[in-house]
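Here is how the chains run, residue by residue.
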Amino acid sequence: MPTIADIANAIEATPIGTAIAESRYAFPIIEGTHLIALSVSVGLIFLTDLRLMGLFLRQIPAASVIHGLRPYVLCGFALVFISGGLLFWAEAAEVIASPAWVFKFAFIGLAGLNAAYFEFVISRRPGALSPERAKLPRGVKFAGLASLAIWTLVIICGRLIAYLPHWS
Amino acid sequence: MTTADFLTLIQASTLSHAISKSNHLLIAGFQVFHVMGFVLLLAALVLISLRLLGLILTQQTVPEVAGQALRLVWSGLALAVGSGVLMFIGSPKHYFYNPAFEVKMVLLLAAILVQALLFRKVAHTDHPNPWLARASVALSLGFWFAVSMAGRAIGFV
């Protein structure tokens, strides 16, 4: 039975995987695209989180900020996933050995759960994002803080992949 | 004093030694702050740009959206430059003689000039000329994207 490492090695050994890894320009260009796209998607999520916490754009209704930015956050994420997928293709065997990579994906999963809980539970409570309220409810503020913290951890883990290649 | 002498002087400083001789995770920490600063800068810039293009929050005026966001742009820049300067002090010659670093510094200067002389002023205008707004957005985002691309290239040349 193939192990996870075998599968990762096989992914990396495919023609596309090797082509990206060996190209002088492809790898840094894809990494740069990943960085810019995450600055748009995660960056705009940070701004939304700060709005939920009441620290940014307080004079603009929170619902307008969330719904206005959503399509751009999603476009940014599409580009993040495509560029990230290509980077994984080129160095699957290396990155799965890094604890930072494992934690990064655990935190991405947690960020997704937090966003789903906010979207389907917290924001649907009566008056949760009501523009008449001067202060948003505590649950909304906490959801913003949680999102800000989790996405920060995702970025920290992502940057540390190169610095923590092995578990020990 | 030549540039090489100056770089040698930086490299011989206590701070430089402290950074370059320490655990490599200190540099990783600087890298994290560098990326976080850039993410804040670019996110705030994209927010203002989307409003300038009339794509979001059209119920609010441009300055209403941009006011606080412009401060966030400068805070993000301060974070990125601060961590960047510390990395440079740690190994000045390694960076100074890297062609991608040179390109990045020229692009950074251009991006900051566009930000200070054009983008900031347009973002403080109640009803900016639509073409001026579009040109500011294109120039500003173009330069900042190029800065990040050149930055990513430093490790590869």
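For the structure given in this document, a descriptive report is provided here. Just so it is clear, the structure is predicted and the values come from calculations on it, not from any experiment.

**Thoughts on the overall build of chain A**
Along its length, chain A carries six helices and zero strands. In chain A, the succession of α and β elements from N to C terminus is α-α-α-α-α-α. Principal-axis analysis of the C-alpha atoms places the extent of chain A at approximately 55 × 30 × 25 Å. Counted over contacts in chain A with a minimum sequence separation of 6, partners at least 24 positions apart contribute 80%.

**So, the packing of helix α1 (residues 4-12) of chain A against helix α4 (residues 62-95) of chain A**
Each pair of packed helices gets described by two things: the angle between the helix axes and the distance between those axes. Residues and elements named next belong to chain A. Relative to each other, α1 and α4 sit at 145 degrees, their axes nearing to 7 Å. Crossing handedness for the pair α1 and α4: left-handed. Contacts from A5, A8, N9, I11 and E12 in α1 reach W89, A90, E91, A92 and A93 in α4. Broken down by class, the residue content of the contact of α1 with α4 amounts to seven nonpolar, one polar and two charged.

**Some thoughts on the packing of helix α6 (residues 138-160) of chain A against helix α3 (residues 24-52) of chain B**
Between α6 of chain A and α3 of chain B, whose axes approach to 9 Å, the crossing angle comes to 130 degrees. Regarding the angle of α6 of chain A to α3 of chain B, the classification is oblique. For the pair α6 of chain A and α3 of chain B, the sense of crossing is right-handed. Of α3 of chain B, the residues touching α6 of chain A (which contributes I155, I156, R159 and L160 of chain A) are A28, Q31, V32, V35, M36 and V39 of chain B. Along the lines of polarity and charge, the residues of the contact of α6 of chain A with α3 of chain B split into eight nonpolar, one polar and one charged.

**Considering the environment of A128 of chain A**
Residue and element names in this part refer to chain A. Within the element layout of this structure, A128 appears in the loop between α5 (99-120) and α6. Distance in space between the C-alpha atoms of A128 and V80 is 30 Å, their sequence separation being 48 residues. Apart from the residues lying within four places of it in its own chain, the contact partners of A128 are I122, S123, P137 and V140.

**Considering the interface of chain B and chain A**
Listed by partner, the interface residues are 27 residues for chain B and 25 residues for chain A. Among the secondary structure elements, those contributing two or more residues to the side of chain B that touches chain A are α3, α4 (62-90) and α7 (130-153) of chain B. Considering every element that reaches the side of chain B that touches chain A, the biggest residue donor is α3 of chain B, with 15 residues. When its residues are assigned to classes, the side of chain B that touches chain A shows 19 nonpolar, six polar and two charged.

**Remarks on the environment of E31 of chain A**
Mapped onto the elements, E31 of chain A comes out in helix α3 (residues 26-52). Put simply, E31 of chain A and V121 of chain A are 90 residues apart on the chain and 35 Å apart in space, counted from C-alpha to C-alpha. Those residues within four positions of E31 of chain A in sequence are excluded, and the remaining contacts are L87 of chain A together with R152 of chain B.

**Here's the deal with α3 of chain B**
Its 29 residues give α3 of chain B an end-to-end C-alpha distance of 42 Å, which sits within 8% of 42 Å, the value for a rise of 1.5 Å per residue. The positive-phi residue at the C-terminal boundary of α3 of chain B is G54 of chain B, with phi of around 75 degrees.

**A closer look at the nonpolar core**
Side chains that are nonpolar tend, in soluble globular proteins, to be buried together. With 69 residues, the main nonpolar core has V39, L41, L42, A43, A44, L47 and I48 of chain B as its most contacted residues. Of all the secondary structure elements, the ones that give two or more residues to this core are α3, α4, α5 and α6 of chain A together with α3, α4, α6 (99-123) and α7 of chain B. The dominant element in this core, judged by the number of residues it contributes, is α3 of chain B, at 15 residues. Among residues more than four places away in sequence, those in contact with V39 of chain B are S39, V42, G43 and I155 of chain A.

Rules used in this analysis
Residues numbered from 1 in each chain as written. Chains lettered and ligands numbered in written order. Predicted model: local features only at pLDDT ≥ 70, side-chain atom pairs only at ≥ 80, totals over all residues. Helix = DSSP H or I, 4+ residues; strand = E, 2+ residues; numbered from the N terminus. Contact = placed C-beta atoms within 7 Å. Axes fitted to C-alpha atoms, helices over the stretch in contact; angles between N-to-C directions. Left-handed = near helix turned anticlockwise from the far one by under 90°. Nonpolar A, V, L, I, M, F, W, Y, C, P; charged D, E, K, R; others polar. Parallel < 35°, antiparallel > 145°, perpendicular 65-115°, else oblique. Expected span 1.5 Å × (residues − 1). Core = buried A, V, L, I, M, F, W, Y, C linked by C-beta atoms within 7 Å. Buried ≥ 20, exposed ≤ 12 C-beta atoms within 10 Å, placed from the backbone.

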